[in-house]
Amino acid sequence: MFEVTVEETFAAGHALRGYRGKCEKPHGHNYRVRLTLRGPELDSAGLLYDFVRLKAILSEIAERLDHQFMNDIAPFDVLNPSAENLARYFFQEAERRLAAQQPGNGVRVAAITVWETDTSTATYSPD
(Lines give C-alpha, C1' and ligand atoms only; values in the text may rest on other atoms or scores of the structure.)
Protein backbone atom coordinates (compact mmCIF):
# COMPACT_ATOMS: atom_id res chain seq x y z
CA MET A 1 0.00 0.00 0.00
CA PHE A 2 1.02 3.55 -0.69
CA GLU A 3 0.04 6.58 1.35
CA VAL A 4 0.23 10.31 0.62
CA THR A 5 -0.47 13.03 3.14
CA VAL A 6 -1.10 16.78 3.07
CA GLU A 7 -1.79 19.26 5.84
CA GLU A 8 -3.73 22.51 6.10
CA THR A 9 -4.38 25.03 8.85
CA PHE A 10 -7.32 27.24 9.71
CA ALA A 11 -8.51 29.34 12.63
CA ALA A 12 -12.03 29.04 14.00
CA GLY A 13 -14.10 29.47 17.11
CA HIS A 14 -16.50 27.12 18.82
CA ALA A 15 -18.23 26.34 22.11
CA LEU A 16 -18.81 22.77 23.25
CA ARG A 17 -22.45 22.03 24.09
CA GLY A 18 -23.17 19.80 27.06
CA TYR A 19 -19.65 20.21 28.39
CA ARG A 20 -18.84 21.44 31.89
CA GLY A 21 -15.71 23.53 31.94
CA LYS A 22 -14.03 26.41 30.20
CA CYS A 23 -14.57 24.91 26.71
CA GLU A 24 -18.34 25.41 27.04
CA LYS A 25 -17.66 29.13 26.53
CA PRO A 26 -16.92 30.55 23.05
CA HIS A 27 -13.22 30.31 22.29
CA GLY A 28 -10.96 29.67 19.32
CA HIS A 29 -8.17 27.47 18.06
CA ASN A 30 -5.58 27.47 15.33
CA TYR A 31 -6.37 24.06 13.88
CA ARG A 32 -4.14 21.85 11.78
CA VAL A 33 -5.66 19.06 9.68
CA ARG A 34 -3.81 16.11 8.14
CA LEU A 35 -5.44 14.19 5.27
CA THR A 36 -3.96 10.81 4.32
CA LEU A 37 -4.93 8.82 1.22
CA ARG A 38 -4.13 5.13 0.76
CA GLY A 39 -4.10 2.96 -2.32
CA PRO A 40 -2.45 -0.11 -3.81
CA GLU A 41 -1.31 1.26 -7.18
CA LEU A 42 0.46 4.24 -8.68
CA ASP A 43 -0.67 5.94 -11.86
CA SER A 44 1.38 6.12 -15.07
CA ALA A 45 3.33 9.10 -13.65
CA GLY A 46 4.27 7.10 -10.56
CA LEU A 47 1.84 8.96 -8.27
CA LEU A 48 -0.82 7.66 -5.95
CA TYR A 49 -2.55 11.04 -6.14
CA ASP A 50 -1.33 14.48 -7.13
CA PHE A 51 -0.35 16.52 -4.05
CA VAL A 52 -1.66 19.71 -5.69
CA ARG A 53 -5.12 18.22 -6.20
CA LEU A 54 -5.14 16.69 -2.73
CA LYS A 55 -4.11 19.97 -1.10
CA ALA A 56 -6.92 21.72 -3.03
CA ILE A 57 -9.49 19.26 -1.62
CA LEU A 58 -8.32 19.85 1.94
CA SER A 59 -8.09 23.63 1.47
CA GLU A 60 -11.68 23.83 0.15
CA ILE A 61 -13.00 22.06 3.23
CA ALA A 62 -10.95 24.17 5.65
CA GLU A 63 -11.81 27.41 3.89
CA ARG A 64 -15.50 26.97 4.73
CA LEU A 65 -14.67 26.98 8.46
CA ASP A 66 -11.76 29.45 8.50
CA HIS A 67 -12.38 32.47 10.73
CA GLN A 68 -15.92 31.34 11.49
CA PHE A 69 -17.81 30.45 14.66
CA MET A 70 -18.41 26.79 13.82
CA ASN A 71 -21.51 26.46 16.03
CA ASP A 72 -23.30 28.63 13.44
CA ILE A 73 -22.35 26.47 10.42
CA ALA A 74 -23.95 23.16 9.40
CA PRO A 75 -23.46 20.46 10.50
CA PHE A 76 -22.00 22.02 13.66
CA ASP A 77 -25.12 24.06 14.28
CA VAL A 78 -26.51 20.72 15.50
CA LEU A 79 -23.43 18.50 15.88
CA ASN A 80 -21.04 19.43 18.67
CA PRO A 81 -17.90 20.98 17.09
CA SER A 82 -15.46 18.75 18.99
CA ALA A 83 -12.12 17.77 17.47
CA GLU A 84 -13.50 14.25 17.00
CA ASN A 85 -16.54 15.47 15.07
CA LEU A 86 -14.34 17.80 13.03
CA ALA A 87 -12.13 14.86 12.06
CA ARG A 88 -15.15 12.86 10.90
CA TYR A 89 -16.54 15.89 9.02
CA PHE A 90 -13.25 16.42 7.16
CA PHE A 91 -13.10 12.69 6.39
CA GLN A 92 -16.61 12.59 4.92
CA GLU A 93 -16.11 15.80 2.93
CA ALA A 94 -12.75 14.61 1.57
CA GLU A 95 -14.27 11.24 0.60
CA ARG A 96 -17.11 12.99 -1.24
CA ARG A 97 -14.76 15.28 -3.15
CA LEU A 98 -12.38 12.42 -3.97
CA ALA A 99 -15.25 10.30 -5.30
CA ALA A 100 -16.35 13.19 -7.53
CA GLN A 101 -12.87 13.27 -9.07
CA GLN A 102 -12.92 9.48 -9.60
CA PRO A 103 -9.20 8.88 -9.23
CA GLY A 104 -9.47 5.14 -9.80
CA ASN A 105 -6.60 2.83 -8.78
CA GLY A 106 -8.25 2.04 -5.41
CA VAL A 107 -7.40 5.37 -3.79
CA ARG A 108 -9.38 6.10 -0.63
CA VAL A 109 -9.23 8.40 2.36
CA ALA A 110 -7.33 6.52 5.04
CA ALA A 111 -7.50 8.97 7.94
CA ILE A 112 -7.96 12.54 9.05
CA THR A 113 -6.17 13.96 12.07
CA VAL A 114 -7.20 17.29 13.58
CA TRP A 115 -4.92 19.20 15.93
CA GLU A 116 -6.91 21.43 18.26
CA THR A 117 -3.69 22.49 19.98
CA ASP A 118 -0.03 21.63 19.44
CA THR A 119 -0.39 18.71 21.83
CA SER A 120 -4.00 17.53 21.38
CA THR A 121 -5.33 15.62 18.36
CA ALA A 122 -8.32 13.57 17.27
CA THR A 123 -8.20 11.10 14.36
CA TYR A 124 -11.00 9.56 12.33
CA SER A 125 -10.54 6.57 10.02
CA PRO A 126 -13.01 4.06 8.59
CA ASP A 127 -11.50 1.09 10.48
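Anything mentioned here points back to the structure above.
Residues numbered from 1 in each chain as written. Predicted model: local features only at pLDDT ≥ 70, side-chain atom pairs only at ≥ 80, totals over all residues. Heavy atoms only, no water.

Tracing the backbone shows Asp72 in the loop between helix H1 (51–65) and helix H2 (83–101). Distance in space between the C-alpha atoms of Asp72 and Gln92 is 19 Å, their sequence separation being 20 residues. (Helix = DSSP H or I, 4+ residues; strand = E, 2+ residues; numbered from the N terminus.)

To continue, consider H2. Counted at 1.5 Å a residue, the expected span for H2 with its 19 residues is 27 Å, and the 27 Å between its end C-alpha atoms agrees. Residues Ala83, Asn85, Leu86, Ala87, Tyr89, Phe90, Phe91, Glu93, Ala94, Arg97 and Leu98 constitute the buried set of H2. Packed against the buried residues of H2 are strand E1 (2–14), strand E2 (27–39), H1, strand E3 (108–117) and strand E4 (120–124). (Expected span 1.5 Å × (residues − 1). Buried < 20%, exposed > 50% of the residue type's maximum accessible area, 1.4 Å probe, protein only. Contact = heavy atoms within 4.5 Å.)

Okay, H1 next. The end-to-end C-alpha distance of H1, which contains 15 residues, comes to 22 Å, matching closely the 21 Å that a straight helix rising 1.5 Å per residue would cover. For H1, every residue scored as buried is listed here: Leu54, Ile57, Leu58, Ile61, Ala62 and Leu65. Burial along H1 is one-sided: seen end-on, the buried residues are contained in an arc of 120 degrees. Along H1, the residues that are exposed and aim more than 90 degrees away from the buried face are Val52 and Glu63. Contacts made by the buried residues of H1 are with E1, E2 and H2. The backbone nitrogen of Val52 has a side-chain oxygen 2.9 Å away, supplied by the residue at the start of H1, namely Asp50. (Arc of directions from axis to C-beta. Polar contact = N/O pair within 3.5 Å; in protein donor to acceptor, adjacent residues only side chain to side chain.)

Before going further, it helps to examine unusual backbone geometry. When glycine is set aside, most residues are seen to have a negative phi, and most peptide bonds are trans. Pro75 follows Ala74 through a cis peptide bond whose omega is 0 degrees. Looking at the secondary structure, you find Pro75 in the loop between H1 and H2. Phi is positive for His67, which is not a glycine, with a value near 55 degrees. Along the polypeptide, His67 turns up in the loop between H1 and H2.

This paragraph deals with the packing of H1 against H2. If you want to describe how two helices pack, look at the angle between their axes and the distance between the axes. With their axes 10 Å apart at the nearest point, H1 and H2 run at an angle of 135 degrees to one another. Put simply, H1 runs oblique to H2. Handedness of the crossing formed by H1 with H2: right-handed. The segment H1 lies against H2, with Arg53, Ile57, Leu58, Glu60, Ile61, Ala62, Arg64 and Leu65 engaging Leu86, Tyr89, Phe90, Glu93, Ala94, Arg97, Leu98 and Gln101. Residues belonging to the contact of H1 with H2 are distributed by class as follows: 10 nonpolar, 1 polar and 5 charged. (Axes fitted to C-alpha atoms, helices over the stretch in contact; angles between N-to-C directions. Parallel < 35°, antiparallel > 145°, perpendicular 65-115°, else oblique. Left-handed = near helix turned anticlockwise from the far one by under 90°. Nonpolar A, V, L, I, M, F, W, Y, C, P; charged D, E, K, R; others polar.)

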